[in-house]
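So you can see what is in the structure, the chains are spelled out below.
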Amino acid sequence: MSDLTCKIQFIRGNFRQIVLASPEDTIVRAALRGGLVIPTGCRHGLCGICEVAVQKGPQPGMVRACVSLVSLEMRVVLAPDSSRPT
């Protein structure tokens, strides 16, 4: 098991949550570690359903969360329809 050395801040409106993740994790997997859901379709980066806005990270801008790996310090803005599992 890899060390959870990446600190990801997920933001949705006024909601903020910090999740620790492995450098091998995608943004989708990191979100799941924190109990957050990022909608996905194909899980191969083709459909675009999982696009999120990276405010702080190696490539700020819109990325496909199902294929984008986390970085050491990252800030990710989730779409308003992203949800927490109940």
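Everything quoted here is computed from the prediction, not taken from an experiment. (Residues numbered from 1 in each chain as written. Predicted model: local features only at pLDDT ≥ 70, side-chain atom pairs only at ≥ 80, totals over all residues. Heavy atoms only, no water.)

Asker: Would you mind showing me how to read the overall build of the protein here?
Answerer: Per the secondary structure count, the protein includes one helix and five strands. Secondary structure of the protein in N-to-C order comes out as β-β-α-β-β-β. In the protein, which comprises 86 residues, the proportion classed as buried is 38%. Across the protein, the fraction of contacts at a sequence separation of at least 24, relative to all contacts at a separation of at least 6, is 44%. Averaged over its 10 positive side-chain charges, the protein has a centre that lies 6 Å from the centre of its 6 negative ones. (Helix = DSSP H or I, 4+ residues; strand = E, 2+ residues; numbered from the N terminus. Buried < 20%, exposed > 50% of the residue type's maximum accessible area, 1.4 Å probe, protein only. Contact = heavy atoms within 4.5 Å. Lys, Arg positive; Asp, Glu negative; His and termini not counted. Charge placed at Lys NZ, Arg CZ, Asp CG, Glu CD.)

Asker: Before we go on, may I ask you to explain the nonpolar core in this structure?
Answerer: Note that soluble globular proteins tend to have their nonpolar side chains buried in a common cluster. Ranked by size, the top nonpolar core spans 21 residues in total, and within it Ile8, Phe10, Ile27, Ile38, Val52, Val70 and Val76 carry the most contacts. Secondary-structure elements contributing two or more residues to this core are strand E1 (6–12), strand E2 (15–21), helix H1 (27–33), strand E3 (51–56) and strand E5 (73–77). Take this core: its biggest share by element is four residues, from H1. The residues contacting valine 76, other than those within four sequence positions of it, are Ile8, Gln9, Phe10, Ile11, Ile27, Val52, Ala53 and Val54. (Core = buried A, V, L, I, M, F, W, Y, C linked by side-chain atoms within 4.5 Å.)

Asker: What's the story with the pattern of salt bridges in this structure? I'm lost.
Answerer: Oppositely charged side chains can form a pair if their charged atoms are brought close together. Inspection of every chain in the model, using the stated rule, returns two salt bridges. Across the pair arginine 64 and glutamate 51 runs a salt bridge whose closest N-O atoms are separated by 3.3 Å. Residue arginine 64 is found in strand E4 (residues 61–64), and its partner glutamate 51 is found in strand E3; the two are separated by 13 residues along the sequence. On the accessibility criterion, arginine 64 (28% relative accessible area) is partly exposed. Overall, glutamate 51 belongs to the partly exposed group, its relative accessible area being 34%. (Salt bridge = Lys/Arg side-chain N within 4 Å of Asp/Glu carboxyl O.)

Asker: What should I look at first to understand the confidence of the model for the protein in this one?
Answerer: In regions of low pLDDT, the predicted coordinates are not meant to be interpreted in detail. Mean pLDDT over the protein stands at 90; residues scoring 70 or higher make up 91%. The spread of mean pLDDT over the elements of the protein runs between E3, the lowest at 95, and H1, the highest at 97. (pLDDT = per-residue confidence, 0-100.)

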